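# Tertiary structure, described
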Amino acid sequence: MEDNTENNRLKVAIIGCGRVSEKHIRAINRLSDRLILCALVDTNPDAPSHLLSSCRKKIKKYAEFTASIKNYIDYKEMLSDLKPDIVAITVPSGLHFQVAKDCLQSGSHILLEKPMTMSNKTSRELYQLADSLGLCIAMGHIYRYFPIVSLIHEDMASGALGKVGHGSVVVRWGHDNDYYKQAAWRGTWRSDGGALMNQTVHALDLMCYLMNDDALKVKGMMARRFRDMEAEDTAMGVYQFGNGALCQVEGTTATFPNDHEASFFINAEKAAIRISLHKGKPSYSIITPKGKNLAFRYLRRYIKKFGLSYLISVAKNPHYGIYTDLQRAITTRTSPIADGRSGYIAVDMVLGFYRSVAKNTEIELPLASEFKIEEMEKLEL
Ligand SMILES: NC(=O)c1ccc[n+]([C@@H]2O[C@H](COP(=O)([O-])OP(=O)(O)OC[C@H]3O[C@@H](n4cnc5c(N)ncnc54)[C@H](O)[C@@H]3O)[C@@H](O)[C@H]2O)c1
């Protein structure tokens, strides 16, 4: 790829200026020594200016930061004009595959929001395409970037915390009917999926990261209890990982919107690990067999490794961690922590769950064939 860095900063473009893109803008702004925002793209021509004015107060050196931004409504025109080093893709999930493929083929690294795509076939195609082109995919799997999570991952991988017994995940990420009415794509099988594909996918990815393993089997049940949408608002099931560990999963958007909770438990031989985010407040405990809580020890280790300023920044906005990591991966020619394969595996886990509901049986992972949107649309909830 041609060297189009300005003062060694990587040029970033954002395609899709909706709700989540504000987190991207704030992260790029905080990394202004390494990244420069060159374009905002949206089919709605008013979206870029709305986005910038909505986060104006949170942007440092606003005039300087916005001076480099060009607005586009056609992302292909932007790709050919600017050839950005990184493209952040924050369009509705049903468009991820085509936009991501076009960006990779035009030579940009991508930061792709979750879920990677709506199909296991296209998710695999994307990460293999990126690998073959020597480009990075960083996934918007924010939980991997929460403070101390990477250290727990390291200790699980090294065996320091012993064998994993089992895990449990709760994602009660309530959205009311008004949320699903905000845009026609929300809650549809084709463009969004339900509680599993949209919200719980983060948690499935985190369990793979912490267990350092892929799930090999899934058995699930789903329902649509309260929300006026096509897909499921509640899912419960069990995955079995390659290491034998079972992991129970509850994912729902049918709870109250002001009572968001994502909680994780891993029962390992040498530690009982709890990570939880409730109403925006994080809590961690790592309990030894003798009852000692190692959470502060982990926090000190994290600050020593990454610095207090980094910890505060990722705690406020995990997308800051994703961009920091992607910039590092590009410049060191290594992989991001939440790489393209992790995007594919998480989508495959969700679709395996959906197939298990469709067939009312246990399903082996990774899926041997594509689970198509048409099959999702036939699910009776
Ligand atoms: N990682 C996270 O924490 C997180 C949080 C929220 C949403 N997301 C994901 O981010 C994506 C976007 O979600 P959102 O809530 O911001 O949606 P949104 O509907 O608020 O925004 C999407 C934007 O994309 C624009 N758009 C649609 N088609 C386009 C095209 N062809 N070219 C350019 N722009 C186009 C729309 O006009 C809209 O402004 C989804 O995939 C969602 O799952 C991730």
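Residues numbered from 1 in each chain as written. Predicted model: local features only at pLDDT ≥ 70, side-chain atom pairs only at ≥ 80, totals over all residues. Heavy atoms only, no water.

## Let's talk about the site of the ligand
Taken together, 24 residues lie near the ligand, and Val20, Asp42, Ser93, His96 and Glu113 sit nearest. With respect to the ligand, the backbone of Val91 contributes an N or O atom lying 3.4 Å from an oxygen atom. One of the side-chain N or O atoms of Glu113 is found 2.7 Å from a nitrogen atom in the ligand. For the ligand, the accessible surface in isolation is 860 Å², of which the surrounding protein chains cover 83%. Within the shell around the ligand, the residues separate by chemical class into 9 nonpolar, 10 polar and 5 charged. (Near = heavy atom within 4 Å. Polar contact = N/O pair within 3.5 Å; in protein donor to acceptor, adjacent residues only side chain to side chain. Areas by Shrake-Rupley, 256 points an atom, 1.4 Å probe, with all protein chains shown as cover. Nonpolar A, V, L, I, M, F, W, Y, C, P; charged D, E, K, R; others polar.)

## Notes on the packing of aromatic side chains
Two aromatic rings are characterised by how far apart their centres lie and by the angle between their planes. Under the definition given, this model contains 10 aromatic pairs. Ring centres of Tyr143 and Phe264 lie 5.4 Å apart, and the angle between their planes is 75°; on these two criteria the pair is classed as edge-to-face. A residue pair is termed long-range when its members are at least 10 positions apart, and Tyr143 in the loop between strand 6 (137-139) and helix 7 (149-158) and Phe264 in strand 11 (residues 261-268) qualify at 121 residues. For the residue pair Tyr143 and Phe264, the accessibility class agrees, reading buried in each case. Between the aromatic rings of Tyr179 and Tyr180, the centroid separation amounts to 5.0 Å while the plane-to-plane angle is 90°, which identifies the pairing as edge-to-face. A single burial state applies to Tyr179 and to Tyr180, both of which are buried. Grouped by ring-pair contacts, the aromatic residues Tyr302, Phe306, Tyr310 and Tyr320 constitute a single cluster. In this arrangement the basic side chain of Arg30 is found over the ring face of Tyr320, its NZ or CZ atom lying 5.5 Å from the centre. The aromatic ring of Tyr62 is capped on one face by Arg56, whose charged end is 4.1 Å from the ring centroid. (Phe/Tyr/Trp six-rings, centres within 6.5 Å; stacked < 30°, edge-to-face > 60°. Helix = DSSP H or I, 4+ residues; strand = E, 2+ residues; numbered from the N terminus. Buried < 20%, exposed > 50% of the residue type's maximum accessible area, 1.4 Å probe, protein only. Lys NZ or Arg CZ within 6 Å of the ring centre and 35° of its normal.)

## Some details on the sheet that holds strand 11
Spatially, 13-12-11-7-10-9-8-14 is the arrangement adopted by the 8 strands of the open sheet, whose pairing is mixed. The two strands at the open ends of the sheet, each matched to only one other strand, are strand 13 (281-287) and strand 14 (363-364). Summarising the sheet, strand 11 and strand 12 (residues 272-278) pair through 7 bridges and their orientation is antiparallel. The partner of Phe265 across the bridge, within strand 12, is Arg274. Strand contacts of helix 13 (residues 340-359): strand 8 (215-223), strand 9 (234-241) and strand 14, with the helix running at about 60° to strand 8, the strand carrying the most contacts. (Pairing = 2+ DSSP bridges. Contact = heavy atoms within 4.5 Å. Axes fitted to C-alpha atoms, helices over the stretch in contact; angles between N-to-C directions.)

## Some points on the nonpolar core
Membership of the largest hydrophobic core comes to 129 residues, with the highest contact counts inside it found for Ile25, Ile137, Ile152, Tyr239 and Tyr354. Per-element accounting of this core gives the leading share, 11 residues, to helix 9 (residues 195-211). Split by domain, this core shows at least three residues from each of two domains, domain 1 (10-142) and domain 2 (143-364). Once residues lying within four places of it in the same chain are set aside, the contact partners of Ile25 are Ile14, Leu37, Leu40, Leu51, Leu52, Cys55, Ile59 and Phe65. (Core = buried A, V, L, I, M, F, W, Y, C linked by side-chain atoms within 4.5 Å. Domains from an automatic or database assignment.)

## Notes on helix 4 (residues 75-82)
Listing the buried residues of helix 4 in full gives Tyr75, Met78, Leu79 and Leu82. All buried residues of helix 4 fall inside an arc of 100° around its axis, so they share one side. Against the buried residues of helix 4 lie strand 1 (10-15), strand 2 (35-41), strand 3 (70-72), strand 4 (86-89) and helix 5 (96-105). The distance from a side-chain oxygen at the start of helix 4 to the backbone nitrogen of Lys76 is 2.9 Å, and the residue carrying that oxygen is Asp74. After helix 4 finishes, the residue Lys83 shows a positive phi value of roughly 45°. (Arc of directions from axis to C-beta.)

## Quick look at the environment of Ile25
One can find Ile25 in helix 1 (residues 21-30). Note: C-alpha distance between Ile25 and Ala63 (38 residues apart in sequence) is 14 Å.

## Points about the side chain of Ser191
Considering the arrangement of structural elements, one finds Ser191 in the loop between helix 8 (177-181) and helix 9. Relative accessible area serves as the criterion here: at 19%, Ser191 is assigned to the buried category. If near-sequence neighbours (up to four positions away) are discounted, Ser191 is found in contact with Pro92, Ser93, Gly94, Met118 and Trp185.

## Description of the domain arrangement of the protein chain
Splitting the protein chain by domain gives domain 1 (10-142) and domain 2 (143-364). For domain 1 versus domain 2, the separation of C-alpha centres amounts to 23 Å. Here domain 1 meets domain 2 over a buried area of about 3600 Å², counting both sides, of which 68% is carbon and sulfur. The largest contributions to the domain 1 side of the interface with domain 2 come from Met118, His141 and Ile142, which together make up 23% of the buried area. Seen at the junction of domain 1 and domain 2, the total is 0 salt bridges. Counting the contacts that link domain 1 with domain 2 gives 17 residue pairs in polar contact (both at pLDDT 80 or more). Mapped onto the side of domain 1 that touches domain 2, the elements with two or more residues apiece are strand 1, helix 1, strand 4, strand 5 (109-112), helix 6 (120-133) and strand 6. (Buried area = accessible area lost by both parts, 1.4 Å probe. Salt bridge = Lys/Arg side-chain N within 4 Å of Asp/Glu carboxyl O.)

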